[in-house]
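# Understanding the architecture of this molecule
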Amino acid sequence: MPELPEVEAARRAIEDNCVGKKIKRVIIADDNKVIDGISPSDFQTSILGKTIVSARRKGKNLWLHLDSPPFPSFQFGMAGAIYIKGVAVTKYKRSAVKDSEEWPSKYSKFFVELEDGLELSFTDKRRFAKVRLLANPASVRPISELGPDALLEPMTVEEFAESLAKKKITIKPLLLDQGFISGIGNWIADEVLYQARIHPLQTASSLSKEQCQALHTSIKEVIEKAVEVDADSSQFPSNWIFHAREKKLGKAFVDGKTIDFITAGGRTTAYVPELQKLSGKDAEKATKVRPGKRGVKSKEDNGDGEEDEQESEKEDDSAKPKKVKKPRGGRGKKPALKRKTEDSDDEDDDADSGDDSEAEEKVVKPRGRGTKPAIKRKPEEKATSQAGKKPKGRKS
């Protein structure tokens, strides 16, 4: 999925090709899952005729600064991508669309044609991105809640170590927390931890001064290198774990060493057990770690409003309420009768919990063979009934 280097590559492509040009045509998709908080027609009217002044980014979010507000803002999610017709922009596996066959792509959510004929499109084939129109994108969620940008606003080593010392959670989920540092996603987290030789499940506060230094250095080096090559993974160093993290267990190696997969922070995590070892109290918990399953999607917790959003681009069936199957009675048996309407909620709860004892007790059983159950009458009804009866033995 797009992380800081991929979004930065898109930002640079816009800066290099679109700045200073006026928008002469706009097409906004009628998709209120992606186009957030505004109708397509209002969105189009608001930016038509405006000039692109710059492209800005924080973490995994990008926005176009126009000559006057409001400004289009893009939260990439798991498959958001910027395409500029005729211009090479970094593509990543989950976002790839064949723009040569159809332009703009059927997955396009935001399309503009500029005054010189250049065309730009934001696509999202899995519909978990968000495109908004905001007066000041940096002042509202999710951007306003992001931590320092890993590239533009790096912490000093001292600040980084001090911050880690206060965190009682494991290091991999902390790196994925966009409120801590913005821009780091799953593959970058795996890479920097591997390069620093730190186990993904080591508690952040337990890291030594040397480990904090190593991790700070690896974050800087990995992100700067990925940005330098415009997030083109074919140009990533050969000794990066990145190149093997998508392979199956038993077939994944880096520098001749075996890569294993575990779950950390709800994400499948690649690491090298021989080099990334748990220490201290965390080592005692090692036996409780469950291996991550290859090919199984897990929920991504980006911390920036995305629902793995989020990373679970496909609708997660597990998040939907499950239908409770009610046990079937024996052949020919009738279901238990409900006595009172107001008791129905309680009875449903009993059924859901799987405890049938209550339900069995509430069945109204016949009093005798072939006889009907007695009907209870109110006192006033009994009096009226008795008054209307004639005494036996008397003739009229």
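The sections below set out a description of the structure shown in this document. (Residues numbered from 1 in each chain as written. Predicted model: local features only at pLDDT ≥ 70, side-chain atom pairs only at ≥ 80, totals over all residues. Heavy atoms only, no water.)

As a further point, take the environment of Ile47. Among the secondary structure elements, Ile47 is positioned in helix H2 (residues 40-47). Sequence-wise, Ile47 and Lys22 are 25 residues apart; in three dimensions their C-alpha atoms are separated by 9.6 Å. If we skip the residues at most four places from it in the chain, Ile47 touches Ile23, Val26, Leu66, Pro72, Phe110, Val112 and Leu133. (Helix = DSSP H or I, 4+ residues; strand = E, 2+ residues; numbered from the N terminus. Contact = heavy atoms within 4.5 Å.)

We now examine the side chain of Glu113. Along the chain, Glu113 falls in strand E6 (residues 108-114). Overall, Glu113 belongs to the buried group, its relative accessible area being 13%. Within polar-contact distance, the side chain of Glu113 engages the side chain of Arg25 at 2.8 Å. Setting aside residues up to four positions removed in sequence, Glu113 forms contacts with Lys22, Ile23, Lys24, Arg25, Leu118 and Glu119. (Buried < 20%, exposed > 50% of the residue type's maximum accessible area, 1.4 Å probe, protein only. Polar contact = N/O pair within 3.5 Å; in protein donor to acceptor, adjacent residues only side chain to side chain.)

Below, the discussion takes up helix H1 (residues 4-17). Structurally, the α-helix is built with 3.6 residues per turn, so residues lying three or four positions apart point the same way. Its 14 residues give H1 an end-to-end C-alpha distance of 20 Å, which sits within 8% of 20 Å, the value for a rise of 1.5 Å per residue. Counting buried positions along H1 yields 10 of 14 residues, so the element is predominantly enclosed. In the core, the buried residues of H1 are packed alongside strand E2 (52-58), strand E3 (61-66), strand E5 (80-84), strand E7 (119-124), helix H5 (186-196) and helix H6 (209-228). (Expected span 1.5 Å × (residues − 1).)

Here we take up H6. The end-to-end C-alpha distance of H6, which contains 20 residues, comes to 29 Å, matching closely the 28 Å that a straight helix rising 1.5 Å per residue would cover. Regarding H6, the residues found buried are Cys212, Leu215, His216, Ser218, Ile219, Val222, Ile223, Ala226 and Val227. Along H6, the residues classed as buried sweep out an arc of 165° about the axis, all on the same side. Along H6, the residues that are exposed and aim more than 90 degrees away from the buried face are Lys209, Glu210, Glu221 and Glu228. Those residues of H6 that are buried are in contact with H1, helix H3 (157-165), helix H4 (171-176) and H5. Two residues or fewer after H6 comes Asp230, characterised by a positive phi angle close to 55°. (Arc of directions from axis to C-beta.)

At their nearest, the axes of H5 and H6 sit 8 Å apart, and the two run at 130° to each other. Taken together, H5 and H6 sit at an angle that is classed as oblique. H5 and H6 meet at a crossing whose hand is right-handed. Between H5 and H6, the contacting residues are Trp187, Ile188, Glu191, Val192, Leu193, Gln195 and Ala196 on the first element and Ala214, Leu215, Ser218, Ile219, Val222, Ile223 and Ala226 on the second. (Axes fitted to C-alpha atoms, helices over the stretch in contact; angles between N-to-C directions. Parallel < 35°, antiparallel > 145°, perpendicular 65-115°, else oblique. Left-handed = near helix turned anticlockwise from the far one by under 90°.)

With that settled, the discussion passes to the pattern of salt bridges. Counted under the stated rule, the structure contains 21 salt bridges. In this structure, Glu15 engages Arg11 in a salt bridge whose closest nitrogen and oxygen atoms are separated by 3.7 Å. Placement of both Glu15 and Arg11 in helix H1 is noted, with a separation of 4 residues, approximately one turn of the helix. Lys24 is the partner of Glu113 in a salt bridge, and the nearest nitrogen-oxygen pair spans 3.4 Å. Placement of the pair is Glu113 in strand E6 and Lys24 in strand E1 (residues 23-28), with a sequence separation of 89 residues. Through salt bridges that share partners, Glu8, Arg11, Arg12, Glu15, Arg57 and Asp149 make up one connected network. (Salt bridge = Lys/Arg side-chain N within 4 Å of Asp/Glu carboxyl O.)

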